[in-house]
Structures are given as C-alpha cells and as structure tokens.
Amino acid sequence: FHVAKSALTPSAGHALIIGMDFARAPAALIMQVDHIGRLLVLQEVFEENMGVEKFIRDRLMPVMFSPRFQGKPMYIVGDPSGVAKGQIGERSVFTMIKGLGFEAVPAQTNHIKPRLDAVEKWLLMQRDGEAAILFDPEGCPELITALKHKYRYRARKDGELEDKPHKKRPWADLADALQYGCLGTAQNLMGKVMRRIQRSNVKKPNMPVGAWT
C-alpha cells in the first residue's frame, strides 16, 4: 500500500527534506512533502565506516545535485546529538554541514518513541484514499526491506521484546533517517526553516557600472 508502483517524480517548488542519521555508518533519505500533502520518500543514501563530512561530500552531494533534485530548496534534519562539539575540534556536525552550504536543523528529539510515532502518523494517514507516505521502489529498496521485516524488535531470553529495535545495518540506520525526516515535516519546523532559506536566497543588488568588482 505504501510502496509506489513506479519511480516517484519530485514536485517542483517544494523543499526537499533530508532525514539523516550520523555516526560512522551515516544514512540519509531524500524526502518531500508534495502539493497534495503526501510525504514522498525518494532516495536512500548510506555508507559503512565513513565520516559524516566525507559521506556528505562524496556520496550525498552528487545525488542532491543530480538532475532529479537540482534547483530545489533543501534542508537536513538530523540526530540532535549532532549539535555537540567534537572531542578533537570545535565544530559540531551541524556546524560542519552548514559550512558546506546547507541549511541544517536538529530534530526535536532522539528518543525512540516520538521518532517511531512520527513515522506511524504518516503510515496511518491517507490522501484521497491512497497512502499519505509513499516509498520509491527504485530509490529506496533497502529502506523498504527494513520496513517489511529487517527493522524489528528482538526477543530476549525471557521471551519479552527488547525496548528498542535491533541495530542491524544498514536497515536500522535508514529507519533512523526516516524517523528524523518525519520529525522534520512538522509544520512549525518547516515554516521556520523555509523562511531562513528564503532570506538566504535574497539576491544582492547589482554593482553600479564602473564599480570595483
């Protein structure tokens, strides 16, 4: 019900939301709320044993600036633990991302229940009798696998389920990125970020003829 029958086309004029999980196995999902209020999950990007900055430069940016996504406003929503400064340098993950030229905001929380609730909210909604969240079958095969059966709670020896889903890669990392992306669709957050993007895109006045350039 939630997997599109063919590749999804991003809507023109609507911002891309990049839900992102950090650490040494970073994962990102390029998403978009379209003109009828559906959340389109368009493309997954993930890597093993790679720092976040290298991941963004070498893996994520080539996808973000591909013809499919180029020219659309975009912002990254990630694990709020990324606001902490590194143990070696003074930069946080979010400071580094903004230094690369992207708008980036921490999700409201990294507690598991509100993250799962944010995804479940989309899964339970419909738009005109169809799913309110759609997953691109070509762009998100591993995420779809995670949601079908790989992202799950393991049973303990006493038969009870563990408190958190099993952290098995890459499926758990992609599920985390989806959770942060869904948290990033909150109207108050989207409005605030889009106003910042619009202000940053205001063109500077042209220099007068004969001025120094």
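Reference entry: report on the structure contained in this document.

Thresholds, definitions, all that
Residues numbered from 1 in each chain as written. Predicted model: local features only at pLDDT ≥ 70, side-chain atom pairs only at ≥ 80, totals over all residues. Heavy atoms only, no water. Helix = DSSP H or I, 4+ residues; strand = E, 2+ residues; numbered from the N terminus. Polar contact = N/O pair within 3.5 Å; in protein donor to acceptor, adjacent residues only side chain to side chain. Contact = heavy atoms within 4.5 Å. Core = buried A, V, L, I, M, F, W, Y, C linked by side-chain atoms within 4.5 Å. Buried < 20%, exposed > 50% of the residue type's maximum accessible area, 1.4 Å probe, protein only. Pairing = 2+ DSSP bridges.

## Things to note about the side chain of Asp34
On the secondary structure map, Asp34 appears in the loop between strand 2 (27-33) and strand 3 (39-46). Within the structure, Asp34 has its side chain in polar contact with the backbone nitrogen of Ile36 (distance 3.1 Å). Polar side-chain contacts of Asp34 include one of 2.8 Å to the side chain of Arg38. Sequence-distant contacts of Asp34, defined by excluding residues within four places in its chain, comprise Ser11, His14 and Leu40.

## Re the nonpolar core
By size, the foremost hydrophobic cluster in this structure holds 29 residues, and its most contacted members are Ile18, Met20, Ile56 and Leu60. For this core, the secondary structure elements donating two or more residues are strand 1 (16-21), strand 2, strand 3, helix 1 (52-64), strand 4 (74-78) and helix 2 (93-99). Looking at this core, the element that brings in the most residues is helix 1, giving 6 residues. Every residue in contact with Leu60, bar those within four places of it in the chain, is listed here: Ile18, Met20, Ala28, Ile30, Val45 and Phe55. Among the nonpolar cores identified, the runner-up in size contains 28 residues, and Met31, Val41, Val77 and Leu143 belong to it.

## Concerning the pairing of strand 4
Counting buried residues in strand 4 gives 5 out of 5 residues, a clear majority hidden from the surface. Two elements, strand 1 and strand 4, share 5 bridges in a ladder whose sense is parallel. Within the sheet, the bridge partner assigned to Ile17 lies in strand 4 and is Tyr75. Sheet topology note: the strand 4/strand 5 (residues 103-106) ladder contains 4 bridges and is parallel. Paired with Val77 across the two strands is Val105, which belongs to strand 5.

The values are spatial; any link to function lies outside them.
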